[in-house]
Amino acid sequence: PHIVDLCSVAPSDLDDLWQCEGQWWREQLLWDLSDALAALRRVVARHGVPGKVVRVGTQTVGYTYYVVAGRLGILAGFMVAPEWSNPMVGESLLHATVDALRQQGVARIESPCVSMHHAWLVSTFEREGFQTSWREFLRLDLHRAYPPARPPTPIQLAPWRGTSLREA
């Protein structure tokens, strides 16, 4: 694998990855990311977001992008094409991205992104020093009938108001 800066590739080089990523989100989470991916395409075209791209030969097989906010580095996106899902490709991409963030002088890196499932993903991030915090994605189908839910304890709900912030 060969790693290059995200700003050195044309958005068209990432189209197949974005199509694959959008399809995964639709199939796994029923989310339509088309608007977000179109916005990312425009930002990449303007060289407005830093990141890394992994290439194998002439093929673009993965990318990351990140944001630096003060001393915090946020790895906002991490994508490797399923057909190139192997530790060598993923580790190369992650290591180059972490190195680039370190060079920016960040004190901490976080990655709140949801990524396609790769068997090597968690162990690769943890070898780089990340701690994994799992989260659950919950979905409720409102077209199905459910028995009425009873509140666990008697509580009173009130609408949120800006003046509630101090009390909260």
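In this convention, every chain numbers its residues from 1, walking through the sequence in written order. Reporting in this predicted model follows two pLDDT cut-offs: at least 70 for local features of residues, and 80 or more for side-chain atom pairs to be given and counted; totals over whole chains, interfaces and linings ignore these cut-offs and use all residues. Side-chain calculation: all heavy atoms of the structure are included, whereas hydrogens and water are not.

Participant: Help me out: how do you make sense of helix α1 (residues 15-29) in this one?
Facilitator: Residues spaced three or four apart along an α-helix face the same direction, because each turn holds 3.6 residues. With 15 residues, α1 ought to run about 21 Å at 1.5 Å a step, and its terminal C-alpha atoms sit 21 Å apart, in line with that. Buried residues are those whose accessible area, probed at 1.4 Å on protein chains only, stays under 20% of the maximum for their type, while exposed residues exceed 50% and partly exposed ones sit between those limits. We count a stretch as a helix when DSSP gives it H or I for four or more residues in a row; a strand needs E for two or more, and each element gets its number in order from the N terminus. Considered for burial, the residues of α1 that qualify are Leu17, Trp18, Glu21, Gly22, Trp24, Trp25 and Leu29. The buried side chains of α1 occupy one side of the element, clustering within an arc of 160° when seen end-on. Turned more than 90 degrees away from the buried face of α1, the exposed residues are Asp16, Gln19 and Glu27. Where α1 is buried, its residues meet α2 (34-45), β3 (59-69) and β4 (72-80). Following α1 by one or two positions, leucine 30 has its phi on the positive side, about 60°. To estimate how far a helix should extend, the number of its residues minus one is multiplied by 1.5 Å. Our arc is simply the arc of the directions from the helix axis toward the C-beta atoms. The contact criterion used is simple: two residues touch if any of their non-hydrogen atoms lie within 4.5 Å.

Participant: Help me understand the nonpolar core in this model?
Facilitator: In this structure, Leu6, Leu14, Trp18, Leu40, Val44, Val53 and Tyr63 are the most contacted members of the largest nonpolar core, which totals 18 residues. Secondary-structure elements contributing two or more residues to this core are α1 and α2. With 5 residues, α1 is the largest single contributor of residues to this core. Leaving out residues up to four positions away in the same chain, tyrosine 63 has contacts with Leu14, Leu17, Trp18, Glu21, Leu40, Lys52, Val53, Gly77, Phe78, Met79 and Leu93. Only buried Ala, Val, Leu, Ile, Met, Phe, Trp, Tyr and Cys residues count toward a nonpolar core, and they belong to the same one when joined by side-chain atoms within 4.5 Å.

Participant: I'm lost on helix α3 (residues 87-103) in this one. Help?
Facilitator: In a regular helix each residue adds 1.5 Å, so 17 residues correspond to 24 Å; α3 covers 24 Å between its end C-alpha atoms and thus fits that length. Buried within α3 we find Val89, Gly90, Leu93, Leu94, Ala96, Thr97, Val98, Ala100 and Leu101. Structurally, α3 contributes buried residues whose contacts are with β1 (2-5), β2 (51-56), β3, β4, β5 (108-110) and α4 (121-127). In protein, a polar contact means a hydrogen-donor-capable atom and an acceptor-capable atom, both N or O and within 3.5 Å, with residues adjacent in sequence counting only if both atoms are side-chain atoms; elsewhere, any N or O pair within 3.5 Å suffices. Of the residues that open α3, the one with a side-chain oxygen 3.0 Å from the backbone nitrogen of methionine 88 is asparagine 86. Directly beyond the C-terminal end of α3, a positive phi value near 85° is found at glycine 105.

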